[in-house]
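This is what each chain is made of:
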Amino acid sequence: MINCKECKFYKDTCECDIKYTKFGTVFDHTLHVLDSLPDNSTFEVQIAALLHDIGKNEKTYDTVDGKQRFIGHEFLGSKIAKRRLANLKFSSDEITKIAFLIEHHMDVYKLEDVSDKSLRKFIRNAGTYKDDLFTLVDADGAGTLFFDKDKKEIISIAPKKAIQDRVKILEEELKKTSEKPFVYFNGNELMKEFNIDKPCKEVGILKKIQNDIIDEFGVNLDKNSVLTMIKERFLS
């Protein structure tokens, strides 16, 4: 441990040559994240917050540009959480949701400057876990403490809300007039258009192609144009 004369705190490494220096241990951070959760947080979010950085260990530790990083800790953490929660007799649904939140809690940080297509894919993949994932990430950001070299004080840098605003707009677009995920053609319609007699892997491929088109162009296309694009991509 280093007793930094600049920021006056003990820590593993010191980077007082930069404006913000991350402060505290993983355990400190976890406690701050738990404290930052809203009072109405779901049980699964609370457990995910407790375990979200459990994958930060010697297997994921690395140094990048002189800074400590835990590469892929979210994936390892999800696997560890699944085993431990199963041993504690958590339900299958609880384990699935908590593991998803842990595995994807870093995804939101990567969405700030991405295209609408990428955001639509995020909405589709997160599904019903989306709101809880944002709750966890908000607390994760608020619970990440830094030493501000200029102010000589400990602060938290909360994540930006702009990404959530964009997601809400696109989510409403995708819902359109239905509570179900929007599609131009359902499975039966695709089977009819492509002369497929019964459900098979080709139908799944067609659905994926359609989802990719929705992610890329949204929900306001002409159905005939969408069908043409599906055919072109399916046959290419």
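Here's what I pulled together on the structure shown here.

1. Regarding the overall build of the chain
When helices and strands are counted, the chain shows ten helices and seven strands. By residue count, 38% of the 236 residues in the chain fall in the buried class. Counting only contacts in the chain whose residues sit at least 6 apart along the sequence, the fraction spanning at least 24 positions is 61%.

2. Points about unusual backbone geometry
Here the phi dihedral of K89 falls at roughly 70°; this positive angle occurs in a residue that is not glycine. With respect to the helices and strands, K89 occurs in the loop between helix 3 (73–87) and helix 4 (92–104). Here the phi dihedral of N195 falls at roughly 55°; this positive angle occurs in a residue that is not glycine. Locating N195 in the fold gives a position in the loop between helix 8 (187–193) and helix 9 (201–217).

3. Points about the packing of helix 3 against helix 4
Helix 4 packs onto helix 3 with a crossing angle of 160° between their chain directions and a minimal axis gap of 8 Å. It follows that helix 3 is roughly antiparallel to helix 4 by the angle criterion. Here the hand of the crossing between helix 3 and helix 4 comes out right-handed. The segment helix 3 lies against helix 4, with E74, F75, G77, S78, A81, K82, L85 and A86 engaging I95, I98, A99, I102 and E103. Residue composition of the contact of helix 3 with helix 4, by class: eight nonpolar, two polar and three charged.

4. Some remarks on the nonpolar core
Within the largest apolar cluster, 29 residues are counted, with the highest numbers of intra-cluster contacts made by L85, I98, L101, V108, F122 and L133. Mapped by element, the contributors of at least two residues to this core are helix 2 (43–51), helix 3, helix 4, helix 5 (116–126), helix 6 (130–142) and helix 7 (162–175). In contact with V108, other than residues within four places in its own chain, are F122, L133, F134, V137 and I163. Counting residues in hydrophobic clusters, the runner-up holds 17 residues, among them F185, M191, V203 and I209.

Cut-off values and rules
- Throughout, a residue's number is its position along its own chain's written sequence, starting from 1.
- For a predicted model such as this one, the threshold for reporting local features is a pLDDT of at least 70, and the threshold for listing and counting side-chain atom pairs is 80 or more; totals across whole chains, interfaces and linings nevertheless cover every residue.
- In computing side-chain properties, one takes all heavy atoms of the structure into account and sets aside hydrogens as well as water.
- To qualify as a helix, a DSSP run of H or I must reach at least 4 residues; to qualify as a strand, a run of E must reach at least 2; elements of each kind are numbered from the N terminus.
- Throughout this description, buried means an accessible area under 20% of the type-specific maximum (1.4 Å probe, protein chains only), exposed means over 50%, and partly exposed covers the range between.
- Any pair of residues with heavy atoms lying within 4.5 Å of one another is described as a contacting pair.
- Here an angle of 0 to 180 degrees is reported between the N-to-C directions of two axes, which are lines fitted to C-alpha atoms, with helices fitted over the stretch in contact.
- Orientation categories follow fixed angle ranges, with anything under 35 degrees roughly parallel, anything over 145 roughly antiparallel, 65 to 115 roughly perpendicular, and all other angles oblique.
- Note on convention: the crossing is left-handed when the near helix lies turned anticlockwise from the far helix by less than a right angle, right-handed when the turn is clockwise.
- In the scheme used here, Gly and all other residues not listed as nonpolar or charged are polar, with Ala, Val, Leu, Ile, Met, Phe, Trp, Tyr, Cys and Pro taken as nonpolar and Asp, Glu, Lys and Arg as charged.
- Put simply, a nonpolar core is a bunch of buried Ala, Val, Leu, Ile, Met, Phe, Trp, Tyr and Cys residues held in one set by side-chain atoms that sit within 4.5 Å of each other.

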